[in-house]
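Here is how the chains run, residue by residue.
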Amino acid sequence: VLGVFVEGVLGEKGGQPPVRIPEQGTTPPGIGYPVPVRDDGTVSLPLLAPLPVAGLGIEEAQRKVRDAYMAPKQLLEDPAKTRIIVSLLRPR
């Protein structure tokens with residue numbers, strides 16, 4: 001399960017992303033709304049077709065989410081200033 005925050009799309013513009021504190025003390029806190037990774041390795045996000053993230057690290061997944069919201073047509077009001085955060089809430 002990924003934690004995803006896309007300011008103005010999946011979370012309020014100017015708002016704070018939710019923080020999830022894990023029950024196990026060995027895992028760092030996760031930031032964002034829970035988005036499960038499907039069995040086919042994709043995630044479903046608002047305004048986008050299913051986005052493949054299988055095998056990607058967190059930074060790569062974050063870059064892929066940002067790129068998807070910016071192309072082919074810009075779905076974000078101001079992409080340079082829009083906060084996009086992807087974190088790992090729970091490993092499979």
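Up top is the structure.
Residues numbered from 1 in each chain as written. Predicted model: local features only at pLDDT ≥ 70, side-chain atom pairs only at ≥ 80, totals over all residues. Heavy atoms only, no water.

Sorry if this is basic, but what is going on with the pattern of salt bridges here?
Where charged atoms of side chains with opposite charge meet at close range, the side chains can pair. Throughout the structure, instances matching the rule amount to 1 salt bridge. One salt bridge connects Glu7 with Arg83, and the closest N-O pair in it is separated by 3.4 Å. Within this pair, whereas Glu7 is found in the loop between β1 (2–6) and β2 (19–20), its partner Arg83 is found in the loop between α1 (58–70) and β7 (84–88), the two being separated by 76 residues in sequence. (Salt bridge = Lys/Arg side-chain N within 4 Å of Asp/Glu carboxyl O. Helix = DSSP H or I, 4+ residues; strand = E, 2+ residues; numbered from the N terminus.)

Please explain the side chain of Thr82 as it appears in this structure.
Counting through the fold element by element, Thr82 comes out in the loop between α1 and β7. Excluding residues within four positions of it along the chain, Thr82 makes contact with Glu7, Arg66 and Leu76. (Contact = heavy atoms within 4.5 Å.)

Help me out: how do you make sense of the sheet that holds strand β4 (residues 33–35) in this one?
Sheet strands line up and pair through hydrogen bonds in the backbone, either parallel or antiparallel. Overall, antiparallel pairing links the 3 strands, which are arranged β4-β1-β7 in an open sheet. At either end of the open sheet lies a strand with only one pairing partner, and these are β4 and β7. Mean inter-strand twist for the sheet, computed between neighbouring axes without regard to direction, equals 30°. Across 3 bridges, the pairing between β1 and β4 is antiparallel. (Pairing = 2+ DSSP bridges. Axes fitted to C-alpha atoms, helices over the stretch in contact; angles between N-to-C directions.)

Such coordinate-based values are descriptive only and should not be taken to indicate function.
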